[in-house]
Amino acid sequence: MKEIVAQLEAKRAEARAGGGPDRIARQHAKGKLSARERINLLLDEGSFEEWDMFVEHRCNDFGMDENKFPGDGVVTGWGTVNGRIVYVFSKDFTVFGGSLSLAHAAKIVKVQRAAAKIGAPVIGLFDAGGARIQEGVDSLAGYADIFMENVLSSGVIPQISVIMGPCAGGDVYSPAMTDFIFMVKDTSYMFVTGPDVVKTVTNENVTHEDLGGARVHSQKSGVVDGAFENDIEALQQIRRMIDFLPSSNREKPPVIKSFDDPDRRDMSLNTLVPSNPNTPYDMKELIEKVADEGDFFEIGKDFGKNIITGFGRMEGSTVGFVANQPMSLAGVLDIDASRKAARFVRFCDCFNIPIVTFVDVPGFMPGTKQEYGGLIKHGAKLLFAFAEATVPKVTVITRKAYGGAYDVMSSKHLRGDVNFAWPTAEIAVMGAKGAVEIIFRAEAGDPDKLAERTKEYEDRFANPYVAASRGYIDDVIMPQNTRHRIVRALRQLRGKDVTNPPKKHDNIPL
Ligand code: HXC
């Protein structure tokens, strides 16, 4: 028996050694942790149960039958994050550069299927060189198996990808189909084709970092939802994020005990909106003053900054915040902001997370760049997302709610459940100056007359009372009471039960 146990231990030790100490040392020298170190930091101590550590590839070409590593370049299994089950796969760059064989793919598919069956998130840690070149089409088949599971699990369980090294070729499309992607600055990059292919095809000279580094994707392309300084920070933040998420679409969001008084008033909010309507203010301050303990996990912080999205809690229960940000482009809705917020709203709706929307929006961004880029379709995504969402929706208009953007931002007309306005709200087709220039064009040469007309327009429309008189706003509330009123609205909405008409699926303007 002793020998049998020793044999098992020896086999386990061999698998745990990955590509060996030299390759692990090279990994560390690049500022990266090993696949197993990452899992240990992500999961609760001692909770990881590894599966398939003895799996080997079955490729015999190019001398591969002589070149096998138990585990085959990916560590898979399950464990817990603050006591809640998650499934995990972590690419091991020290084994064939983490490249994907059919056997490696089957390991990933196994955890994906288990997660969907049980109803728990899947977290993928990426650090890999794409398709296992020696395996050819088997590798492509393996990728497609993973993609298929990504799609079937979409909207069923949260899927999260963290890019912690190279991520190219076949490896990019699985993350792209997950709910959130995060990257580690300086050590990770993500692209469909690398700099050498780019040079051959387009004659462009570009570095890995400039083509697909964390800054590019978190600030320019919007492919990823956040960039972290290093592996440790990334994994700690993923743990924090998991605490906000339900484990599947069959669950309500988790409730974490809150010590923040639900009736807490915040007098400073009464002066948040400046008296000059063109002066910006920081909408994040409102979110942080309203959410439990000011705890806000922002999604897409550096992309489409004119809208803020992220998770917070009210009375201990997760909500998704969506808010125009007057500090950036006056909070206008453009392509980036619309895409970013639409995707976030849809995530919340998939996973039963109520949406709290703060509105200060001057409209949609004008210009050829936006129109040529398809603002009509992208703006419609946000409209569509808010309209189809059946989770509780609470909206507070703090200042401007102009034109189509008023409709889009979770208005009453798109089945907003509880719609409040601050006394400083201005709900109108457009700002007073623009409106007067159009409807009183004949008086354009008379500045005094125009000023008089502008004042007249402001008195009539630069307030929340016309909308409130129609019932489009349920109440005009004092800013100081915002937290208390949202808490009450969400309590009242706990029993909300609305479904959309039966259909195969909708056809959101992609
Ligand atoms: C097999 C691979 C590999 C791969 C790396 N390795 N990529 N083995 N298949 N795709 C191995 C190397 O041979 C090496 O083995 C070890 O991993 C580390 O690789 P290095 O090149 O030494 O590391 P580094 O200098 O850090 O460069 C990392 C890299 C580079 C940029 C990822 O390895 C690279 O460009 N790899 C090829 C990427 C690629 O073209 N993949 C195919 C994409 S096509 P030893 O034994 O020396 O440690 C694709 C299509 C799928 O993915 C489409 C599905 C839809």
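Anyway, here's the lowdown on the structure attached to this text. (Residues numbered from 1 in each chain as written. Predicted model: local features only at pLDDT ≥ 70, side-chain atom pairs only at ≥ 80, totals over all residues. Heavy atoms only, no water.)

Remarks on the overall build of the protein
Phase 1 of the analysis: When helices and strands are counted, the protein shows 19 helices and 16 strands.
Phase 2 of the analysis: For 510 residues, the compact-globule formula gives about 24 Å, and the C-alpha radius of gyration of the protein, at 26 Å, lands near that figure.
Phase 3 of the analysis: The principal-axis extents of the C-alpha atoms in the protein amount to approximately 95 × 55 × 45 Å.
Phase 4 of the analysis: For the protein, with 510 residues in total, the buried portion stands at 53%.
Phase 5 of the analysis: Residue pairs in contact within the protein that sit at least 24 positions apart in sequence constitute 74% of those at least 6 positions apart.
Phase 6 of the analysis: For the protein, the exposed area adds up to about 22,900 Å²; of that, 55% sits on carbon and sulfur atoms.
Phase 7 of the analysis: Put simply, the protein has 62 plus and 68 minus side-chain charges, and the middle of one group is 3 Å from the middle of the other. (Helix = DSSP H or I, 4+ residues; strand = E, 2+ residues; numbered from the N terminus. Rg over C-alpha atoms; globule rule 2.2 N^0.38 Å. Buried < 20%, exposed > 50% of the residue type's maximum accessible area, 1.4 Å probe, protein only. Contact = heavy atoms within 4.5 Å. Areas by Shrake-Rupley, 256 points an atom, 1.4 Å probe, with all protein chains shown as cover. Lys, Arg positive; Asp, Glu negative; His and termini not counted. Charge placed at Lys NZ, Arg CZ, Asp CG, Glu CD.)

Some details on the pattern of salt bridges
Phase 1 of the analysis: In this structure the tally under the stated criterion is 32 salt bridges.
Phase 2 of the analysis: As a salt-bridge pair, Asp260 and Arg264 come within 2.7 Å of each other at their nearest N and O atoms.
Phase 3 of the analysis: Here Arg264 falls in the partly exposed class, since its relative accessible area comes to 22%.
Phase 4 of the analysis: In this structure, Glu315 and Arg491 form a salt bridge, with 3.0 Å as the shortest nitrogen-oxygen distance. With Glu315 in the loop between β10 (307–314) and β11 (317–324) and Arg491 in helix α19 (residues 482–492), this residue pair connects regions lying 176 residues apart in the sequence.
Phase 5 of the analysis: Ionic contacts of the salt-bridge type, sharing partners, join the residues Lys32, Arg38, Asp127 and Asp231 into one network. (Salt bridge = Lys/Arg side-chain N within 4 Å of Asp/Glu carboxyl O.)

Examining a nonpolar patch on the surface
Phase 1 of the analysis: There is a patch of nonpolar side chains on the surface, built from Val151, Tyr173, Met177 and Val192 and spanning about 340 Å² of accessible area.
Phase 2 of the analysis: Turning to its location among the elements, Tyr173 is positioned in helix α6 (residues 173–176). (Patch = residues over 30% accessible without salt bridge, like charges linked within 9 Å, V, L, I, M, F, W, Y side chains within 5 Å.)

Details of the site of the ligand
Phase 1 of the analysis: Close to the ligand lie 18 residues, the nearest being Arg23, Gly97, Gly129, Ala131 and Gly170.
Phase 2 of the analysis: Separating an oxygen atom of the ligand from a side-chain N or O atom of Arg23 is a distance of 2.7 Å.
Phase 3 of the analysis: The separation between a nitrogen atom of the ligand and a polar main-chain atom of Gly129 is 2.7 Å.
Phase 4 of the analysis: The fraction of the free accessible surface of the ligand (1,000 Å²) that becomes covered by protein chains is 53%.
Phase 5 of the analysis: Examining the composition of the shell around the ligand, we find that three residues originate from one element, helix α5 (residues 137–153), more than from any other.
Phase 6 of the analysis: For the shell around the ligand, the per-class residue count stands at eight nonpolar, seven polar and three charged. (Near = heavy atom within 4 Å. Polar contact = N/O pair within 3.5 Å; in protein donor to acceptor, adjacent residues only side chain to side chain. Nonpolar A, V, L, I, M, F, W, Y, C, P; charged D, E, K, R; others polar.)

Quick notes on the environment of Gly404
Phase 1 of the analysis: Structurally, the position occupied by Gly404 is in helix α15 (residues 403–408).
Phase 2 of the analysis: Spatially, the C-alpha atoms of Gly404 and Val197 are 43 Å apart, while their sequence positions differ by 207 residues.

Some thoughts on helix α16 (residues 432–439)
Phase 1 of the analysis: Every buried residue belonging to α16 is among Ala432, Ala435 and Val436, and all of these are buried. What you see down the axis of α16 is that its buried residues fit within an arc of 95 degrees, all on one side.
Phase 2 of the analysis: For α16, the secondary structure elements touched by its buried residues are α17 (447–461). (Arc of directions from axis to C-beta.)

Regarding the packing of helix α4 (residues 102–118) against α5
Axes are the key here: two packed helices are described by the angle between their axes and the distance separating the axes.
Phase 1 of the analysis: In the contact formed by α4 and α5, the axes pass within 8 Å of each other and the chain directions differ by 10 degrees. In this view, α4 runs roughly parallel relative to α5, as classed from their interaxial angle. Facing α4, whose interface residues are Leu102, Ala105, Ile108, Val109, Gln112, Arg113 and Ala116, α5 presents Asp138, Ala141, Gly142, Asp145, Ile146, Glu149, Asn150 and Ser153. (Axes fitted to C-alpha atoms, helices over the stretch in contact; angles between N-to-C directions. Parallel < 35°, antiparallel > 145°, perpendicular 65-115°, else oblique.)

Here we look at the pairing of strand β13 (residues 393–402)
Phase 1 of the analysis: The element β13 is extensively covered by neighbouring structure, given that 10 of its 10 residues are classed as buried.
Phase 2 of the analysis: Where strand β12 (residues 355–361) and β13 come together, six bridges link them in parallel fashion. For Val359, the partnering residue across the bridge sits in β13 and is Ile397.
Phase 3 of the analysis: The sheet contact formed by β13 and strand β14 (residues 418–421) spans four bridges and is parallel. Looking across to β14, one finds that Ile397 is bridged to Ala421.
Phase 4 of the analysis: Taking the sense of rotation as the criterion, the β-α-β connection linking β13, α15 and β14 turns out right-handed.
Phase 5 of the analysis: One ladder, built from three bridges, connects β13 with strand β15 (residues 426–428); its direction is parallel. (Pairing = 2+ DSSP bridges. Right-handed = clockwise from strand over helix to strand, strands pointing away.)

Observations concerning the side chain of Asp127
Phase 1 of the analysis: Here Asp127 lies in strand β4 (residues 122–128).
Phase 2 of the analysis: Engagement of the side chain of Asp127 in a polar contact is seen with the side chain of Lys32, the distance being 2.9 Å.
Phase 3 of the analysis: A polar contact is formed between the side chain of Asp127 and the side chain of Arg38, at a distance of 3.0 Å.
Phase 4 of the analysis: The residues touching Asp127, leaving out its near neighbours within four places in the chain, are Gln27, Lys32, Arg38, Lys91, Phe93, Gly97, Gly98, Met164, Gly165 and Pro166.

Describing helix α1 (residues 2–16)
Phase 1 of the analysis: Under the 1.5 Å per step criterion, the end-to-end length of α1 is 21 Å for 15 residues, consistent within 8% with the ideal 21 Å.
Phase 2 of the analysis: Gly18, located one to two residues past α1, shows a positive phi value of around 55 degrees. (Expected span 1.5 Å × (residues − 1).)

A closer look at the packing of aromatic side chains
Phase 1 of the analysis: Taken as a whole, this structure holds 17 aromatic pairs when the rule is applied.
Phase 2 of the analysis: Through a chain of ring-to-ring contacts, the aromatic side chains of Phe180, Phe182, Phe228, Phe244, Phe297, Phe311, Phe344, Phe347 and Phe351 assemble into a single cluster.
Phase 3 of the analysis: Seen from the ring of Phe93, Lys32 lies directly overhead, with NZ or CZ sitting 4.5 Å from the centre.
Phase 4 of the analysis: The residue whose ring lies beneath Arg453 is Phe440, and the NZ or CZ to ring-centre distance is 4.2 Å. (Phe/Tyr/Trp six-rings, centres within 6.5 Å; stacked < 30°, edge-to-face > 60°. Lys NZ or Arg CZ within 6 Å of the ring centre and 35° of its normal.)

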